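# Structural overview for review
The lines below spell out each chain.
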Amino acid sequence: MGIGKRAFLYITHKKVRSILLFLIFFVSALFLLTGISIKREAKNAAEEFKKTLTMGLKLDTTMPYADGVVDESINADGEIVIKYTVPFIYERHIKEFLAIDGVSGFYCDNLQSKSAYTGLSLYPGYYSWCLDILDGKVIAEDEQKKRELELGYMEDSRSHYERGAHTNRFLIVYDSEWHPAFVNGAAELTEGRHVRADDKAKVVISDEIAKKNSLTVGDKIKAWQFDYLTDERYGRVYEVEVVGIFHINFEQKVLQDKTYEDDILANTFFTTPDIFPWFRRDYQIKYGYPVFSEESESRLCLMVLFLEDPSYLDSVKEKLLTIDSVDWDLYEMGVYDKDYQTAAAPLSAMMRISDILAIASFVGVLLILSMILTIWMQSRGHEIEILSFIGVKKNVMRLQFILECQAVAAAAFLAAFLLAKPVINLAGDVLQTVLYASGDERGYDVEIEMGTNDMFVHLLPPAKGELLPYTVTPGEACFVFLILTATGAVSVLVSSEKAFRQT
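In what follows, the accompanying structure is described.

How each quantity is defined
Residues numbered from 1 in each chain as written. Predicted model: local features only at pLDDT ≥ 70, side-chain atom pairs only at ≥ 80, totals over all residues. Heavy atoms only, no water. Helix = DSSP H or I, 4+ residues; strand = E, 2+ residues; numbered from the N terminus. Buried < 20%, exposed > 50% of the residue type's maximum accessible area, 1.4 Å probe, protein only. Contact = heavy atoms within 4.5 Å. Arc of directions from axis to C-beta. Pairing = 2+ DSSP bridges. Axes fitted to C-alpha atoms, helices over the stretch in contact; angles between N-to-C directions. Salt bridge = Lys/Arg side-chain N within 4 Å of Asp/Glu carboxyl O. Patch = residues over 30% accessible without salt bridge, like charges linked within 9 Å, V, L, I, M, F, W, Y side chains within 5 Å. Areas by Shrake-Rupley, 256 points an atom, 1.4 Å probe, with all protein chains shown as cover.

Tallying secondary structure elements over the protein gives 16 helices and 15 strands in all. Here the protein holds 503 residues, and the buried ones make up 47% of them. Long-range contacts, defined as pairs at least 24 residues apart, comprise 80% of the intrachain contacts of the protein with a sequence gap of at least 6.

See below:
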């Protein structure tokens, strides 16, 4: 009797064992096909999504303020003059960096922002809500809350609310076109132009503010500093010209009892860096601090160079390092892909889960098969003795055992392959539903950083991603089949060797 016939008879005679072996291979094949397919489609979707976003090269200084880095002196006006004694990146380097092939724009993330009173009508927030309470304009359902508030105390703070209801955030930029809010599509210019690096006292405002205050391109806006305790305005007037108007492409989540007016993107002005020396000088004079002289040229601590294409990353790095007027040991270079990492987080999670699914399937089937086949081989001791007695060699017996296992594995793989598409679609849809559950239909989120008061507009994952076109390629099917058969063969060889030694 040939090994093929003996293998067939064993499979058909030991139905329970064969069915159990079939199920192990079937489940493992489904898991492997599902994991590989989901990972491939998630990776392709992530790569396509990445092409829609602008990537950058991040330059971040690692040199803190320390002795030998800053040299301070006093000028003829009694002002403190700061001079850096190491070759940092300065404003003069901007044009040199932009001239590098592949660099499309830049953004400096260390300029922060300032709040100033403008007297304009703003998108309402906390302060406007407080004024509405005092003026009895709240809706009926808020009456209970109105009675619970200490209206007397609030009346004493009316001037504070009045000031806050007309205070704007001035977000300092060199070039507003490359602020992340415009790069990731949260905002777009609709009239005029952007603030440029060589501008002075220019702003880009939202269409919301322009409409509320009948402002157009070319109009002037005045701003004052104020004391946070007394709300007294002081110092020189800072007058800026409106050069552009932008539209916001999402609805910011504004909580009337928590979100201040100057924390609302619609009330934010993108303005030139010259507001900082105005703000600092008048503040120092007002409160008796030492007065710092305006720097002739500011250093740039955290800078992002946006690239036309990710392929330019290495070449831009190389060309930067040839600029010897900067000590590059003071800076760390990294990839700026914050929007991609945030918005593509569900796809990245799908790839990680797919890897775990595939690896767990492979390791699981190997361990389970090894244990089960070891037990089964021990029970076949009598069969091995008889086959040996009639002259069947060990290698022939091994081949028979492998043939039995491979026949069951092939049948299980074929069944799994036929059922793979609906199973993969179901698993992929469930994964997307779970992983995109933390997404937001608004698409963006506004964050105010504690300490610096910087405003960040983050791109969020969508609330639900489109169902990916899951398929199983011939190459992937062959790969899974080889994994199953190889795993079965190895398990049979290991378990049969133990059985031979015990017989």
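Read on, since the account is not over.
In this section: helix 11 (residues 313-321). Taken as a whole, helix 11 has its buried residues at Leu313, Val316 and Leu320. For helix 11, the arc enclosing every buried residue in end-on projection is 70°, short of the 170-degree limit, so these residues lie on one face. What points out from helix 11, more than 90 degrees from its buried face, is the exposed set Asp314, Glu318 and Leu321. Residues of helix 11 that are buried sit in contact with strand 1 (56-61), helix 3 (93-98), strand 4 (103-108), strand 12 (302-307) and strand 13 (331-336).

All right, on to the sheet that holds strand 13 then. As summarised here, the arrangement of the 4 strands in space is 4-12-1-13, forming an open sheet in which the pairing is antiparallel. The sheet is open, and its two edges are formed by strand 4 and strand 13, each paired on a single side. Taken over all neighbouring pairs, the strand axes of this sheet differ in orientation by 20° on average, direction set aside. Here helix 11 sits on the sheet and contacts strand 1, strand 4, strand 12 and strand 13; the angle it forms with strand 1, its principal contact strand, is near 40°.

Attention now goes to the pattern of salt bridges. Enumeration according to the criterion identifies 13 salt bridges in this entry. Two residues, Glu41 and Arg40, come together in a salt bridge whose shortest N-O distance is 2.5 Å. Each member of the pair, Glu41 together with Arg40, is buried. One salt-bridge network, in which partners are shared between bridges, spans Arg40, Glu41 and Glu476.

Considering the arrangement of structural elements, one finds Phe250 in the loop between strand 10 (233-248) and strand 11 (268-271). The buried category is assigned to Phe250, whose relative accessible area is 11%.

The next thing to look at is a nonpolar patch on the surface. There is a patch of nonpolar side chains on the surface, built from Ile359, Phe362, Val363, Leu367, Ile368 and Met371 and spanning about 550 Å² of accessible area. Note that Ile359 resides in helix 13 (residues 345-379).

Next up on the list: the pairing of strand 1. Note that strand 1 and strand 13 share 6 bridges and pair antiparallel. Residue pairing across strands places Thr61 opposite Tyr331, the latter belonging to strand 13. As paired elements, strand 1 and strand 12 share 5 bridges and run antiparallel to each other. Paired with Gly56 across the bridge in strand 12 is Phe306.

Residue Ala201 is not a glycine yet carries a positive backbone phi of 55°. Following the sequence through the fold, Ala201 ends up in the loop between strand 7 (187-192) and strand 8 (202-206). Positive phi outside glycine occurs at Ser214, with the angle close to 55°. Within the secondary structure, Ser214 sits in the loop between helix 9 (207-213) and strand 9 (220-226). Taking relative accessible area as the criterion, Ser214 reaches 62% and is therefore assigned exposed.

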